[in-house]
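Coordinate inspection notes
The primary structure of each chain is shown beneath.
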Amino acid sequence: MELKVLGQDNQPSAQAQAGGCSSGTCGSSEDGMNHLPDSVREKVHNHPCYSEEAHHFYARMHVAVAPACNIQCHYCNRKYDCANESRPGVVSELLSPDQAAKKVLAVASEIPQMTVLGVAGPGDPLANPERTFETFREIYEKAPDIKLCLSTNGLALPDHVDEIEALKVDHVTITINCVDPEVGAKIYPWVFWKNRRIKGAKGAKILIERQQKGLEMLIERGILVKVNSVLIPGVNDEHLKEVSKIVKSKGAFLHNVMPLIAEAEHGTFYGVMGQRGPNKQELSDLQDACAGDMNMMRHCRQCRADAVGLLGEDRGQEFTLDKIDAMDIDYDAAMEKRANIHAGIEAHRDALRAEQAENEMPDLLAPVGTPPARIAITTKGGGVINEHFGHATEFLVYEVAPEGVRFIGPRKVENAYCVGPDVCPSGDDKGTVLDAILEALSDCSAVLSAKVGIEPWSRLEDARITPSGEYAMDQIEDAVRGMYGELIEQGWAVKDLNVQAVG
Ligand code: CLF
Ligand code: SF4
């Protein structure tokens, strides 16, 4: 069957065939949502963070309108974006609400797959309520087809639930790292509350109470809540299981456990004190432990506060203020085009599901007891293997076992191995970039790309990672299953999954 999705030029391409995790083991996969009421499915089906499947097809954007913050986290340096949703060490350009609204209309016109506008920093959106809500108000009035999304530390949340509801901000993320003030005192040195700086466990207690109250108020009003937690080994790792239980019991929709990234050069308290982040296995073990209680998000990319595009890509440079000023935007016309394109994407997803339902899958992919393998893939979106190894800036890692396939998470590589003849690294530089990729994939037994060059091919083989270009344009999960079969036939050596730090 020929299936069409949009490429970066927004023209339908015949390259894509499928999308998402069909195993139902990803907490936020569409299959895992069949039990949800229609009203909730409607809120989730095209939100790239709330649905793992949707993130192959739909994009989000953030506008950095909120500079101030009302608490201090030990993993934050105010020179950078709020680390509760963003990758540490990244600085976004601050916009006024008017500039932000203009940018949103420009992006929505140029990238019709963009369905969600989030405000996530660079400080705390609700410590800057006027700027945040002015931005939302403008978008609510001018672009009613865009979903609004907000991320907060929760301290000011109960004061703003009415406005959140009135502006139809249907998705709110609260970063909850603890429910015990003694644990909180190790994460938050102070909170700024009622014009006073309150330190230690006393301050953490206020923050926790406000977060929980805000969560309950949002749930009462039918607003979807995602909870982010930063996993800090030795501080809140065991404790997060209790956090997950509690937020689930109160009605949170999704839990996103993110790894602490603490680098001394970022100048954060944890970075300077040498607090380590979790390794890949610690992160996925904790996500698994929490998954018994909760839908888990595993596809978070810890975006910038001004991110634009599909999760994992950043098209912000296409929408700088000078470029936006030069654009002539007819949003009514854009909305019509967007509606048509969204209908095409949904038809495509329906066709995929129908196709998957027709394909008879064996109950077991291999005899019981066959060890699981981790397999990395490269994709530009659309749910297929369509990215060259040398162009990838991230790898998606899947784990496949006799019982099925599940998504483990993305692995970012700081530099593409080869981004074109002008900037392609050479000699030692190329070797260094490749070393970093091999390290990122050290727990994987195979990597599937649209194409793999000769040099990386032999380095991958030396590292006992089987490269393959045979699955180009295949649906991701089909390809992963196929490669698992090949590995079994070859009698591959199982990898040690206890690997280096995430990040
Ligand atoms: Fe942005 Fe966050 Fe809304 Fe998504 S991001 S405010 S819920 S629209 Fe998404 Fe980015 Fe992870 Fe956030 S991948 S950092 S979870
Ligand atoms: Fe930094 Fe965000 Fe924490 Fe505020 S809430 S201190 S901006 S990480």
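Quick caveat: nothing in here was measured; it's all calculated off a predicted structure. (Residues numbered from 1 in each chain as written. Chains lettered and ligands numbered in written order. Predicted model: local features only at pLDDT ≥ 70, side-chain atom pairs only at ≥ 80, totals over all residues. Heavy atoms only, no water.)

1. Side note on the overall build of the protein chain
Within the protein chain one finds 14 helices and 17 strands. Put simply, the protein chain has 503 residues, and 58% of those count as buried. Partitioning the contacts of the protein chain with sequence separation of at least 6, the portion at a separation of at least 24 is 74%. (Helix = DSSP H or I, 4+ residues; strand = E, 2+ residues; numbered from the N terminus. Buried < 20%, exposed > 50% of the residue type's maximum accessible area, 1.4 Å probe, protein only. Contact = heavy atoms within 4.5 Å.)

2. A closer look at unusual backbone geometry
Going from Gly-121 to Pro-122, the amide bond is cis rather than trans, its omega being 10°. In the Ramachandran plot, Lys-194 falls in the positive-phi region, its phi being about 50° despite a non-glycine side chain. Note that Lys-194 resides in the loop between strand S8 (190-193) and strand S9 (196-199). With a relative accessible area of 65%, Lys-194 lands in the exposed category. The backbone of Gln-302 shows a phi angle near 45°, a positive value even though the residue is not glycine. Relative to the helices and strands, Gln-302 resides in the loop between helix H9 (280-291) and strand S12 (308-309). A relative accessible area of 9% means that Gln-302 is categorised as buried.

3. Re the confidence of the model for the protein chain
Per-residue pLDDT for the protein chain has a mean of 85; in total, 87% of the residues score no lower than 70. When mean pLDDT is compared element by element in the protein chain, helix H5 (residues 181-185) scores highest at 98, while strand S2 (residues 12-13) scores lowest at 32. Counting interchain partners and residues more than four positions distant, the pLDDT-below-50 stretch residues 1-31 has 100 contacts. For residues 498-503, every residue scores under 50 in pLDDT, and the model assigns this stretch 18 contacts once sequence neighbours within four places are set aside. (pLDDT = per-residue confidence, 0-100.)

4. So, the sheet that holds strand S13 (residues 373-377)
Pairing is mixed in the open sheet, where five strands are placed in the order S15-S14-S13-S16-S17. Of all strands in the sheet, those bounded by a partner on one side alone are strand S15 (404-412) and strand S17 (466-468). Direction aside, the axes of adjacent strands within the sheet are offset by 25° on average. Across five bridges, the pairing between S13 and strand S14 (residues 394-401) is antiparallel. Each bridged residue has a counterpart across the sheet, and for Ile-375 the counterpart in S14 is Tyr-398. (Pairing = 2+ DSSP bridges. Axes fitted to C-alpha atoms, helices over the stretch in contact; angles between N-to-C directions.)

5. Quick word on the site of ligand 1
Taken together, 15 residues are adjacent to ligand 1, and Cys-49, His-62, Glu-85, Cys-149 and Cys-303 come closest. Here the shell around ligand 1 is composed, by residue class, of seven nonpolar, five polar and three charged. (Near = heavy atom within 4 Å. Nonpolar A, V, L, I, M, F, W, Y, C, P; charged D, E, K, R; others polar.)

6. Re the packing of helix H2 (residues 97-110) against helix H3 (residues 129-142)
For the pair H2 and H3, the least separation of the axes is 9 Å and the interaxial angle reads 35°. In terms of crossing hand, the pair formed by H2 and H3 is right-handed. Each of Pro-97, Asp-98, Ala-100, Ala-101, Val-104 and Leu-105 in H2 lies in contact with H3, whose residues at this interface are Arg-131, Glu-134, Thr-135, Glu-138, Ile-139 and Lys-142. Taken together, the residues of the contact of H2 with H3 break down into six nonpolar, one polar and five charged. (Left-handed = near helix turned anticlockwise from the far one by under 90°.)

7. Considerations on helix H6 (residues 200-220)
Its 21 residues give H6 an end-to-end C-alpha distance of 31 Å, which sits within 8% of 30 Å, the value for a rise of 1.5 Å per residue. The set of residues buried in H6 consists of Gly-203, Ala-204, Ile-206, Leu-207, Ile-208, Arg-210, Gln-211, Gln-212, Gly-214, Leu-215, Met-217 and Leu-218. (Expected span 1.5 Å × (residues − 1).)

8. Let's talk about a negative patch on the surface
Judged by side-chain charge, Asp-328, Asp-330, Asp-332 and Glu-336 come together as a negatively charged surface patch. Tracing the backbone through its elements, the reader meets Glu-336 in helix H11 (residues 331-358). (Patch = residues over 30% accessible without salt bridge, like charges linked within 9 Å, V, L, I, M, F, W, Y side chains within 5 Å. Areas by Shrake-Rupley, 256 points an atom, 1.4 Å probe, with all protein chains shown as cover. Salt bridge = Lys/Arg side-chain N within 4 Å of Asp/Glu carboxyl O. Lys, Arg positive; Asp, Glu negative; His and termini not counted. Charge placed at Lys NZ, Arg CZ, Asp CG, Glu CD.)

9. A look at the site of ligand 2
What surrounds ligand 2 is the set Cys-69, Ile-71, Gln-72, Cys-73, Tyr-75, Cys-76, Arg-78, Cys-82, Ala-83, Asn-84, Gly-123 and Asn-153. Taken together, the residues of the shell around ligand 2 sort by class into seven nonpolar, four polar and one charged.

10. Examining the environment of Ala-493
Tracing the sequence through the fold places Ala-493 in the segment after helix H14 (476-490). Residue Ala-493 is classed as partly exposed on the basis of its relative accessible area, which comes to 47%.

11. Considering the side chain of Ser-449
Structurally, the position occupied by Ser-449 is in the loop between strand S16 (446-448) and helix H13 (454-462). Among the residues examined, Ser-449 registers a relative accessible area of 0% and is labelled buried. Discounting chain neighbours no more than four positions away, the residues touching Ser-449 are Thr-378, Ile-385, Glu-387, His-388, Phe-389, Ser-468 and Gly-469.

12. Topic: a nonpolar patch on the surface
Residues Phe-269, Val-272 and Met-273 make up a contiguous nonpolar surface patch of about 320 Å² in total accessible area. Structurally, Met-273 is set in helix H8 (residues 269-273).

13. Section: the packing of H2 against H11
Contact geometry of H2 with H11 gives a least axis separation of 9 Å together with a crossing angle of 40°. Judged on the interaxial angle alone, H11 and H2 are oblique. The crossing of H2 and H11 is left-handed. Note on element contacts: H11 touches H2 through Tyr-331, Ala-334, Lys-337 and Arg-338, opposite Leu-105, Ala-108 and Ser-109. Looking at side-chain class alone, the contact of H2 with H11 contains four nonpolar, one polar and two charged residues. (Parallel < 35°, antiparallel > 145°, perpendicular 65-115°, else oblique.)

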